[in-house]
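A closer look at the structure
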Amino acid sequence: MTLQLPLPRTDGDIRLIRTSLPLLREDPRDCPRGTAVRARPFIEQVPERPRRKPVEDFALAPVMKVLDAIEYNGADVETALRQLASNRRCHAAHLHWASEAVRGYLAARKAAEAERQALKRLATVPVREQWASIRQLELPDSRGATRYERTAWGRRYASDDGSERELWLLSVNTFKENRPHAEIAEAASVAATGTPSDSAFRDIHRPAPGSTTHPDRVRIISVGCGDGSYAVLADWDAEETAYQYATHAKPVLGRIVADDRLNPGSSCERCEALAGCAKPARTPGLLGVPAPRLTRKRRSVSASDLRTHARCPALFHLTRVLHLKSSEPESEPIRRGRAVDAWLNQQHSKGSCYGVSLPESLPGLATGEQAPALAMLAEHLRACPLEGLGTAEQVEVQKRLTTYDPELDTVIVADPDLLYTRSGGWIWHETKTATRRPWEGQELLETHPQLALAVLLMSAGVPGGDPRRSLIELEFLYEGGSRCEEIDPGDPDTLAAARRIVARLAGPWAVDETYEPKTGEHCGNCEMLRHCAAGQAHAKAE
């Protein structure tokens, strides 16, 4: 379906269509209509929604600010980093990470310039102005647009004579190896054809004074600010760039600006059309907590988010909001759980895995780690829940379920390992791996709050079906055996317990605006310990 404007409860000028690189990723978990709306930056929700951020929620914001001071204003590195330390908009641990990220980025730049010199290519210098490929029409086209702007966010560099340009694409942790080819081709095209421009909030890009010479060659470099890793994704002349754009990027751009399909998910958090959208389902009061006294920008939350916040608000902010990751290797249980889940997801997407032959090994596990993981899979194969399921039943693997609480202005998401219908009801199936048999009598909803949220979602009619026939299953796979627990989401006592558990977790999260560290014995193996002064002090005292 083609996007029809205006959308309910939105207003604004539709004549500008502006695309950026993330829009070209066509992530299956994104909403196509939401992406098309994002490409129209002057469209806003009516009435306007709150946008206040108590603390900076974009990991690279302080990094870019420091790099601007160094590359554009001539500040030395130490002075710029001292100024960063006084930034009160950012969490203290975020600033510590950003300081390391700046040094890592500058080291990568230095190494890349040394490689250029070794190849006898011209040195590059920072470019302050943004590059924007602009097309202005005399009359509105079939989409109602009179102006198209193609942009590519990153750090810009060019040789003194303008014959070469480089665009550095920044990632939070390590460099992204798996960027879609359409995104790379678009980045190269914008670098090759873009006009140096100035931009301002809620304004078009306006050409900046100075040279408008287009380069003969462009390079696209992916860099990870978390570890300073980088890789050259494209090194093309103007002709090759034009070919790559026409072949890979242009068709994607045509699709994304016109697609009207709905696919609710985490991207609903930033969508200007959510208030008037038919999806996701509205579940006011689902989390059992009132809206904070101070309004703030819309958020999304999952059971894992709430559990992490309860453990340590600082850890939640760093890993769940800023998406920082440790460079340290993951533990064996985490790697094993991921490998087991990946194999099960692959098999369940084809149907039952009862009687399927096990692989000789699983990706990502060391030789000594293979046997326990394969033994867990063997336990599952003996009682796969999809065995004997009728051909008319539905099966969903890792399907994202999404609801919206308009009172809390929060998008609530859950990703069941497996969803399937049986006799008119939906079965929500979760699989957990463990090193030993779980304790008998453990309160399942307390130990696994995602089950408590599952109870609330199913009682609210998500994903649907006959509630009398709906069920939640928790399958434990452990070394030496397996066990499956069943939870009835329609049981009044179970529902009351689920409401109590979720509200207890959601209450502190809903009002938190500082994300102070909560120290404890978990600090010693915290993945964010190197950035947390309070955690380091606690671990040292222990």
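Look a little higher up for the structure.
About the criteria used
Residues numbered from 1 in each chain as written. Predicted model: local features only at pLDDT ≥ 70, side-chain atom pairs only at ≥ 80, totals over all residues. Heavy atoms only, no water. Helix = DSSP H or I, 4+ residues; strand = E, 2+ residues; numbered from the N terminus. Rg over C-alpha atoms; globule rule 2.2 N^0.38 Å. Contact = heavy atoms within 4.5 Å. Areas by Shrake-Rupley, 256 points an atom, 1.4 Å probe, with all protein chains shown as cover. Lys, Arg positive; Asp, Glu negative; His and termini not counted. Charge placed at Lys NZ, Arg CZ, Asp CG, Glu CD. Pairing = 2+ DSSP bridges. Expected span 1.5 Å × (residues − 1). Buried < 20%, exposed > 50% of the residue type's maximum accessible area, 1.4 Å probe, protein only. 1 Å grid on protein atoms, 1.4 Å probe; cavity = no way out; pocket = protein on both sides within 12 Å on 5 of 7 lines; lining within 4 Å. Points joined across faces, edges and corners; volume = space filled by probe spheres on them. Nonpolar A, V, L, I, M, F, W, Y, C, P; charged D, E, K, R; others polar. Phe/Tyr/Trp six-rings, centres within 6.5 Å; stacked < 30°, edge-to-face > 60°. Salt bridge = Lys/Arg side-chain N within 4 Å of Asp/Glu carboxyl O. Polar contact = N/O pair within 3.5 Å; in protein donor to acceptor, adjacent residues only side chain to side chain. Axes fitted to C-alpha atoms, helices over the stretch in contact; angles between N-to-C directions.

A look at the overall build of the protein chain
The helix and strand inventory of the protein chain stands at 14 helices and 21 strands. Taken against the 2.2 N^0.38 rule, which gives 24 Å for 542 residues, the C-alpha radius of gyration of the protein chain at 25 Å falls within 12% of a compact globule. Based on the C-alpha atoms only, the size of the protein chain along its principal axes is roughly 70 × 60 × 55 Å. Within the protein chain, contacts between residues at least 6 apart in sequence are counted, and of these 72% link residues at least 24 apart. For the protein chain, the exposed surface amounts to about 26,200 Å²; the carbon and sulfur share of it is 51%. For the protein chain, the separation between the mean place of its 71 positive charges and that of its 74 negative charges on side chains is 3 Å.

Quick word on the sheet that holds strand E13 (residues 281-282)
In sheet architecture, strand pairing relies on hydrogen bonds along the backbone and comes in two forms, parallel and antiparallel. An order of E13-E16-E17-E14 is seen for the 4 strands of this open sheet, with the pairing classed as mixed. In this open sheet, the two edge strands, each paired with only one partner strand, are E13 and strand E14 (299-301). Examined bridge by bridge, E14 and strand E17 (residues 410-414) share 3 bridges and lie parallel to one another. Of the residues in E17, the one forming a bridge with Val301 is Ile412.

Observations concerning helix H5 (residues 181-193)
Across its 13 residues, H5 extends 18 Å between first and last C-alpha, which sits within 8% of the 18 Å expected from 1.5 Å per residue. Burial of H5 is extensive: 11 of the 13 residues sit out of reach of the surface.

Structural notes on the layout of surface pockets
Considering only enclosed or pocket space, the second largest pocket measures out at about 460 Å³ in volume. It is strand E16 (residues 401-405) that provides the largest number of residues to the lining of the second largest pocket, a total of 3 residues. The residue makeup of the lining of the second largest pocket, split by class, is 10 nonpolar, 6 polar and 5 charged.

Re unusual backbone geometry
A cis amide bond, omega 0°, links Leu5 with the succeeding residue Pro6. Structurally, the position occupied by Pro6 is in the segment before strand E1 (10-11). Of the consecutive residues Lys279 and Pro280, the connecting peptide bond is found in the cis state with omega at -5°. Its place among the elements puts Pro280 in the loop between helix H6 (238-256) and E13. At Glu26, a position not held by glycine, the phi torsion is positive, near 45°.

Section: the packing of aromatic side chains
The full count for this structure, using the stated rule, is 5 aromatic pairs. Measuring from centroid to centroid gives 5.9 Å for Phe316 and Tyr515, while their planes differ by 35°, and the two rings are tilted. Remark: Tyr515 occurs in the loop between helix H13 (492-511) and helix H14 (533-541) and Phe316 occurs in helix H8 (residues 313-321); sequence separation between them is 199 residues. Taken as a pair, Phe316 and Tyr515 share a single burial class, namely buried.

Quick word on helix H2 (residues 61-71)
The buried fraction of H2 is high, at 8 of 11 residues. Buried residues of H2: Pro62, Val63, Met64, Val66, Leu67, Ala69, Ile70 and Glu71, and no others. Buried residues belonging to H2 abut helix H3 (77-85), helix H4 (92-118), strand E4 (124-126), strand E7 (155-159) and strand E8 (164-171).

A word on the side chain of Arg40
By secondary structure assignment, the location of Arg40 is in the loop between helix H1 (32-38) and strand E3 (44-45). Within the buried set, Arg40 has no salt-bridge partner at all; the shortest N-O distance to an opposite charge, 7.2 Å, is to Asp141. Polar side-chain contacts of Arg40 include one of 2.8 Å to the backbone oxygen of Val257. Setting aside chain neighbours within four positions, we find Arg40 in contact with Leu3, Leu5, Leu16, Ile17, Arg143 and Val257.

Comments concerning the sheet that holds strand E21 (residues 481-487)
Pairing in this open sheet of 5 strands is mixed, and the strands run E15-E18-E19-E20-E21 from one edge to the other. Both outer strands of the open sheet, strand E15 (395-397) and E21, are each paired with one neighbouring strand and no more. The sheet shows a mean angle of 20° between the axes of neighbouring strands, direction not considered. Here 8 bridges tie strand E19 (residues 425-434) to strand E20 (residues 471-478), and the two strands are oriented parallel to one another. Following the sheet pairing, Lys432 is matched in E20 by Phe476. The sheet strands contacting helix H9 (residues 332-348) are E15, strand E18 (418-422), E19 and E20, and the helix crosses E19 at an angle near 145°.

Some thoughts on the pattern of salt bridges
The tally for this structure, following the rule as stated, stands at 44 salt bridges. Two residues, Arg121 and Glu164, come together in a salt bridge whose shortest N-O distance is 2.9 Å. You can see Arg121 sitting in the loop between H4 and E4 and its partner Glu164 sitting in strand E8, a full 43 residues away along the chain. With relative accessibility at 11%, the residue Glu164 sits in the buried group. Between Arg261 and Asp259 there is a salt bridge, with its nearest N and O atoms 2.6 Å apart. Salt bridges here are not isolated pairs; linked through shared partners, they connect Arg109, Glu113, Arg116, Arg121, Glu164, Glu166, Arg217, Arg219 and Asp235.

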